[in-house]
Amino acid sequence: MPQDLQPRLLRAFTTVADELHFTRAAARLYVAQQALSRDVRRLERELGTELFVRTTRQVTLTADGERLLPYARRVLEAQDELLAVATGAARPLLVDLNSAGMTSGRILERARELAPDCELMARFESGLTGAAGEIAAGRLDVSFGRFAGLDPALRALLSQQPVRYEPMAVLLPEDHPLAELDGVPLNALAGETVYAGAGNPRTLEWTELARLLFAGRGIAVAPPAPMAVGAEEFRRVMAKNRNPVLAVVDFPVMPETVLRPIVDPVPLSPLSMVWRAGLRHPGLDALRAAAAELAAHEGWLKRPSDGWLPERDMSLMCDNN
């Protein structure tokens, strides 16, 4: 066995493991494909084992490659931290948000104020199910969502900080009969078909929460459909099918719709900040501090007396890592 391994070889290995494609991995690393292949084969020789199964159609990890991958990531993270300390700078932190004006966006804005020297880069997508796999693979640093909705094996690779019990709401066409109410009783949705992201593989945790909420109440989850992207497309789809949309109370305003909180009971969407277990970064420290500050100031972690929340979610929200 080698006495030490060059970080360059480990980075070649982890990048190919991320992409499962040598050409894309080489492009990510700004090296020639031949040089990347040479580094991977050198690592395999030094370790005395094959890390990938290569065919003309696909690249897959071997069992030894699967075992090595989390250790290689830890070594590279440690190297990044060492370089950050030595140079006085940290790499940019990639943070996944649903929308700039919602809870996660407010946390990011405050974290940037707390750590102005850190580069906190935002991307705007939805769905913790999709984001969590990217976090575990090292392609994303932080996201927000319903932690209890993730597979337990995936949760074991992640850390979380409860942020908010978000009251849920329903987005309605502005001429819908329920739009006249200040708050929509949950039972008033009986007979309705409500869109809750069914069919979107990135938002499985949200659809599951909707099914738990609607069970036994005569409320149907709308069948799978492509997600409407952009305000105009959202308006068109809403006008066409007129299905209410399950949301949270600070969901962005959409054209020709109204947002109404759900009451009797008040269903809660449990929001956590989620990151890769063992990650150390000053930007993460700022995000955690911002989340704790806002939660205390806004009362985000106080459950209303008539709040509804699945037992599994409640136990994990009380588990602050």
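Before any of the text, the structure's been laid out above.
Because the structure is predicted, anything quoted here is derived from the model rather than measured.

Quick word on the environment of Leu-94
So, step 1. Looking at the secondary structure, you find Leu-94 in strand β3 (residues 93-97).
So, step 2. For Leu-94, a relative accessible area of 26% translates into the label partly exposed.
So, step 3. In sequence terms Leu-94 and Gly-218 are 124 residues apart; their C-alpha atoms lie 41 Å from each other.
So, step 4. Contacts of Leu-94, omitting those with residues within four sequence positions, involve Met-121, Arg-123, Arg-139, Leu-140, Asp-141 and Val-142.

With respect to the packing of aromatic side chains
So, step 1. For the coordinates displayed, the defined rule picks out two aromatic pairs.
So, step 2. Between Phe-13 and Phe-52, the ring centres sit 5.6 Å apart and the planes meet at 55°, which makes this aromatic pair tilted. Within this pair, whereas Phe-13 is found in helix α1 (residues 7-19), its partner Phe-52 is found in strand β1 (residues 52-54), the two being separated by 39 residues in sequence. Across this residue pair, the class does not change: Phe-13 and Phe-52 are buried.
So, step 3. On the basis of relative accessible area, Phe-52 is assigned to the buried category, the value being 1%.

Observations concerning the pairing of β3
One face of the sheet, then the other: side chains in a regular strand alternate in exactly this way.
So, step 1. Most of β3 is tucked away: four of the five residues are buried.
So, step 2. Looking at chain direction, β3 and strand β4 (residues 120-124) are connected through five bridges and run parallel. Residue pairing for β4: Asp-96 is matched across the bridge by Arg-123.

Parameters and conventions
- Residues numbered from 1 in each chain as written.
- Predicted model: local features only at pLDDT ≥ 70, side-chain atom pairs only at ≥ 80, totals over all residues.
- Heavy atoms only, no water.
- Helix = DSSP H or I, 4+ residues; strand = E, 2+ residues; numbered from the N terminus.
- Buried < 20%, exposed > 50% of the residue type's maximum accessible area, 1.4 Å probe, protein only.
- Contact = heavy atoms within 4.5 Å.
- Phe/Tyr/Trp six-rings, centres within 6.5 Å; stacked < 30°, edge-to-face > 60°.
- Pairing = 2+ DSSP bridges.

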